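Architecture at a glance
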Amino acid sequence: MVQSAVLGFPRIGPNRELKKATEGYWNGKITVDELFKVGKDLRSQNWKLQKEAGVDIIPSNDFSFYDQVLDLSLLFNVIPDRYTKYDLSPIDTLFAMGRGLQRKATETEKAVDVTALEMVKWFDSNYHYVRPTFSKTTQFKLNGQKPVDEYLEAKELGIQTRPVLLGPVSYLFLGKADKDSLDLEPLSLLEQLLPIYAEVLSKLAAAGATEVQIDEPVLVLDLPATAQAAIKKAYTYFGKQSNLPKITLATYFGTVVPNLDVIKGLPVSALHVDFVRAPQQFDDVVAAIGDKQTLSVGIVDGRNIWKNDFKKSSAFVNKAIEKLGADRVVVATSSSLLHTPVDLTNETKLDAEIKGFFSFATQKLDEVVVITKNVSGQNVAAALEANAKSVESRGKSKLIHDSSVKARVASIDQKMSTRASPFEQRLPEQKKIFNLPLFPTTTIGSFPQTKDIRINRNKFNKGTITAEEYEKFINSEIETVIRFQEEIGLDVLVHGEPERNDMVQYFGEQINGYAFTVNGWVQSYGSRYVRPPIIVGDLSRPKAMSVKESVYAQSITSKPVKGMLTGPITCLRWSFPRDDVDQRTQAMQLALALRDEVNDLEAAGIKVIQVDEPALREGLPLREGAERSAYYSWAAEAFRVATSGVANKTQIHSHFCYSDLDPNHIKALDADVVSIEFSKKDDANYIAEFKNYPNHIGLGLFDIHSPRVPSKDEFITKISAILKTYPAEKFWVNPDCGLKTRGWEETRLSLTHMVEAAQYFREQY
Ligand code: GLN
Ligand code: ZN
């Protein structure tokens, strides 16, 4: 019989319960027991929801208070020494590794001062995991038994679950060596790690788990031979252990075909493959499946919000059934549903027609179940009919097509995507205007989004204050930020972005063709969730989106203020994209809308314009090949279309974060100045890669994800280290990213120290 399976469910709760609880705990408003209770309730709600939907295979251990990869680091004792010396409880150790901790001594507790571990994008998604960080002194052992505890918790509720664990090879491969052990190759630790995995698995079996899902998403990457060998070794090892649960080896976000030789013949009971992302791998995968193995067909999209097409999906699953038989096929979500919002029924403000196009995590449970029933010959005629109608109506919807937008995209040419002169000619023109000192200082854009800002925005949205009152409030916030920057001596100022709820949503709301949710939150990292706008149709900008605030900010200071925009690739990547046109087309539509905005800013007297592209790297196709080369070219082109309509003397900045960047990719954007996240890189080789970057660059000097305040000396040490490799003439001084998640107190101190450090270097040069 065909079974239905879910690979993971969002843990944030339908109303962001997890965020409220974790932040409440960090702020001392709730106790650790209250925090744990919220976690327990969320888990139980999720399991029950899935049970009631009729899902056969329900995941456990997909819950986390911060990040599931970080949970494993805690579980396996992969805890750098700097976190263990304070005698923190396990949960506080977890949070310290995830977000850093700085705490003054009290009567009962020692002072703590430790930075967070590096946080990295989870494959090509906007989720971030905390990077496992190994040292030569790392001693694997089990700290607690979270997967077992959560399995038992579900079992007590009468729900049999399939625990999920990230697999040993992915866990090591996605990690890195700590700065005290830079020559350590994480994969070399496999042999020591495997017995610990086996211990967890056998404990799960002893607790009653018959099956586990082990995720090896690295199998969709171009794996080096060492990692391929590690996969063979790991699963052969598990195959030799007695008393382990059956293993479903899960992959997602791409094709496994280049690694099929590695997967073939592994002693696992099932293979899960993402056929939403890569349907073309079907024949190869089916041919590689062993006689007794099951194929888990990932057919309900875990990464996007479009309603499933039941007819198409059922036909796809039926192909698998024909080849393998019903008993060896599972109908599943393509990946964990972590990347989709929790429940569409909470969306009260969406246009009914548009709402009919979507399906969120809760609805996807029904989708998996209906497809399973359908391919099992059960009668789901009504659901199929309603689905067919809805799919058809979207295809024909008037809300989607705009011929003038299509025509403008078709007219994009080389000239539109090239600045009037090359950088060497632009630079002297810009120097004349700005006359900046060496080591110019700036920030990335946002300043603390205070409670006051959120309250006023809510009031404005609810209509309890007028547009004029709101504008007055925003202007006073801008003024505070401008005065503060002048006071501490920053060189290129920002207006602080108080009017923006989110860097993509804010623009999306002003662009035709977008739809928005009121509660469609998705976890980005830790307690930070985003509410991605949804690209529904062709995109265009009816009027200026950001000019008013930038012009106001510039009007009250003699220093240059940066106009601040979100780039086309980031708008695309941090939205749910359309699945009926290609990504390039959507990027170019956005690029044109932003081009108009850039030109309007320039015309309004703004001389420096920053177009942020933090998501540039995450959009890179996971494998080498034609798709990746094409992306390199169209992503850069989209940025240049947006930014090439200005005069030489207008200085274009860009900003990137959250990822290991390829300097060549950034070069292709031809921005005059770029700022990149850097503070947690700790790696001289990485600086060296940027040495030949022709334009100017600011390597982020402090971690904005942490409330920790670096001292002036710490900045000086950091800058000195970079100056060993990086030329002073090109050196900008700035934080890693925007400060919106920070409080004012730490912002004030950190930036003051940063500016003092820049001044120190000016005296040296
Ligand atoms: N300008 C944005 C800010 O400062 C950039 C944010 C980002 O890169 N994620 O908030
Ligand atoms: Zn950033």
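Residues numbered from 1 in each chain as written. Chains lettered and ligands numbered in written order. Predicted model: local features only at pLDDT ≥ 70, side-chain atom pairs only at ≥ 80, totals over all residues. Heavy atoms only, no water.

What the rule picks out here adds up to 35 aromatic pairs. For the pair F76 and Y197, a centre-to-centre distance of 4.8 Å together with 45° between the ring planes defines the contact as tilted. Separated by 121 residues along the polypeptide, F76 in the loop between helix 3 (68-75) and helix 4 (81-84) and Y197 in helix 8 (residues 190-207) bring together distant segments of the chain. The class for F76 is buried, based on a relative accessible area of 0%. Relative to F253, the ring of Y252 has its centre 4.8 Å away and its plane inclined at 70°; by these criteria the two rings are edge-to-face. Pair check on accessibility: Y252 and F253 agree, each one buried. Aromatic ring contacts, followed pair by pair, group F76, F134, F140, Y171, Y197, Y235, Y237 and F238 into a single cluster. One cation-aromatic arrangement involves R303 over F253; the distance from NZ or CZ to the ring centre is 4.5 Å. Across the ring face of W306, the terminal group of R394 is positioned such that the distance to the ring centre comes to 3.6 Å. (Phe/Tyr/Trp six-rings, centres within 6.5 Å; stacked < 30°, edge-to-face > 60°. Helix = DSSP H or I, 4+ residues; strand = E, 2+ residues; numbered from the N terminus. Buried < 20%, exposed > 50% of the residue type's maximum accessible area, 1.4 Å probe, protein only. Lys NZ or Arg CZ within 6 Å of the ring centre and 35° of its normal.)

This part is about the coordination of the zinc ion (ligand 2). Protein ligation of the zinc ion (ligand 2) involves H655 (NE2), C657 (SG) and C737 (SG), the donor distances falling in the range 2.0 to 2.3 Å. In this structure, the zinc ion (ligand 2) is coordinated by four donor atoms arranged in tetrahedral fashion, with angles at the metal of 95 to 121°. Here the donor residues of the zinc ion (ligand 2) are spaced in sequence according to H-x1-C-x79-C. Taken together, the positions of C657 in the loop between strand 21 (651-656) and helix 25 (663-667) and C737 in the loop between strand 24 (731-732) and helix 28 (744-764) put the pair 80 residues apart, joining distant regions of the chain. Given the relative accessible area of 15%, C737 is considered buried. (Donors = N, O, S within 2.8 Å, 3.2 Å for Na, K, Ca; no water. Tetrahedral: all angles 85-135°; square planar, octahedral: opposite > 155°, others 65-115°.)

Attention shifts here to the site of ligand 1. If you check the shell around ligand 1, you find I444, G445, S446, E497, M503, D612, P614, H655, C657, C737, G738 and K740 and nothing else. Interatomic distance of 3.1 Å between a backbone N/O atom of I444 and a nitrogen atom of ligand 1. Note that a nitrogen atom of ligand 1 is positioned 2.6 Å from one of the side-chain N or O atoms of D612. Calculation on ligand 1 without its partners gives an accessible area of 290 Å², and the protein chains cover 98% of this total. (Near = heavy atom within 4 Å. Polar contact = N/O pair within 3.5 Å; in protein donor to acceptor, adjacent residues only side chain to side chain. Areas by Shrake-Rupley, 256 points an atom, 1.4 Å probe, with all protein chains shown as cover.)

Here the focus is the environment of T442. As for its placement among the helices and strands, T442 is situated in the loop between helix 17 (423-434) and helix 18 (451-462). The spatial distance from the C-alpha of T442 to the C-alpha of L751 is 9.3 Å, given a sequence separation of 309 residues. When residues no more than four places from it in sequence are discounted, the contact partners of T442 are L490, V492, K562, W732, V733, N734, P735 and M754. Among the polar contacts made by the side chain of T442, one reaches the side chain of K562 at a distance of 3.1 Å. (Contact = heavy atoms within 4.5 Å.)

It is worth spelling out the state of the cysteines at this point. Counted under the stated rule, the structure contains zero disulfides. Residue C571 stays outside any disulfide, its sulfur separated by 14 Å from that of C657, the closest cysteine. According to the relative accessible area criterion, C571 is buried, its value standing at 2%. (Disulfide = S-S within 2.5 Å.)

It is worth spelling out the packing of helix 6 (residues 146-156) against helix 8 at this point. Where helix 6 meets helix 8, the axes come as close as 9 Å, and the angle between the chain directions of the two elements is 15°. Looking at the two axes, helix 6 sits roughly parallel to helix 8. Note that helix 6 runs across helix 8; the crossing there is right-handed. Counted together, P147, V148, Y151, L152 and K155 of helix 6 and V200, K203, L204 and A207 of helix 8 form the full contact between these two elements. Looking at the contact of helix 6 with helix 8 residue by residue, the class counts come to seven nonpolar, no polar and two charged. (Axes fitted to C-alpha atoms, helices over the stretch in contact; angles between N-to-C directions. Parallel < 35°, antiparallel > 145°, perpendicular 65-115°, else oblique. Left-handed = near helix turned anticlockwise from the far one by under 90°. Nonpolar A, V, L, I, M, F, W, Y, C, P; charged D, E, K, R; others polar.)

Adjacent strands of a sheet form backbone hydrogen bonds with each other and so pair up, either parallel or antiparallel. Taken in spatial order, the eight strands make up an open sheet running 1-14-13-12-11-10-8-2, and their pairing is parallel. Edge positions in the sheet fall to strand 1 (3-5) and strand 2 (58-60), since each has one partner strand and no second. Across the sheet, the axes of successive neighbouring strands diverge by a mean angle of 30°, strand direction being ignored. In this fold helix 8 packs onto strand 8 (161-166) and strand 10 (211-215), with an angle of close to 175° to the strand it touches most, strand 8. (Pairing = 2+ DSSP bridges.)

Let's shift gears to the pairing of strand 19 (residues 562-566). A large share of strand 19 lies buried, amounting to five of its five residues. Burial along strand 19 is two-sided: K562, M564 and T566 and G563 and L565, pointing in opposite directions, are all buried.

The subject of this paragraph is the packing of helix 19 (residues 467-488) against helix 21 (residues 547-555). One way to put it is that helix 19 packs onto helix 21 with a least axis distance of 10 Å and a crossing angle of 45°. Here helix 21 runs oblique to helix 19, going by the angle between their axes. Taken as a pair, helix 19 and helix 21 cross one another with a handedness that is right-handed. Packed against helix 19, whose contacting residues are E471, I474, N475, I478, E479 and I482, the element helix 21 presents K548, E549, Y552 and A553 at the interface. Looking at the contact of helix 19 with helix 21 residue by residue, the class counts come to five nonpolar, one polar and four charged.

The next subject is the sheet that holds strand 20 (residues 608-612). Reading across from one edge, 19-20-21-22-23-24 is the order of the six strands in this open sheet, with parallel pairing throughout. The sheet is open, and its two edges are formed by strand 19 and strand 24, each paired on a single side. Bridging between strand 22 (residues 673-676) and strand 23 (residues 696-699) involves four bridges; their strand directions are parallel. In the sheet register, I676 faces strand 23, and the bridge partner there is L699. With respect to the sheet, helix 24 (residues 626-643) is in contact with strand 20 and strand 21, its orientation differing from that of strand 21 by roughly 145°.

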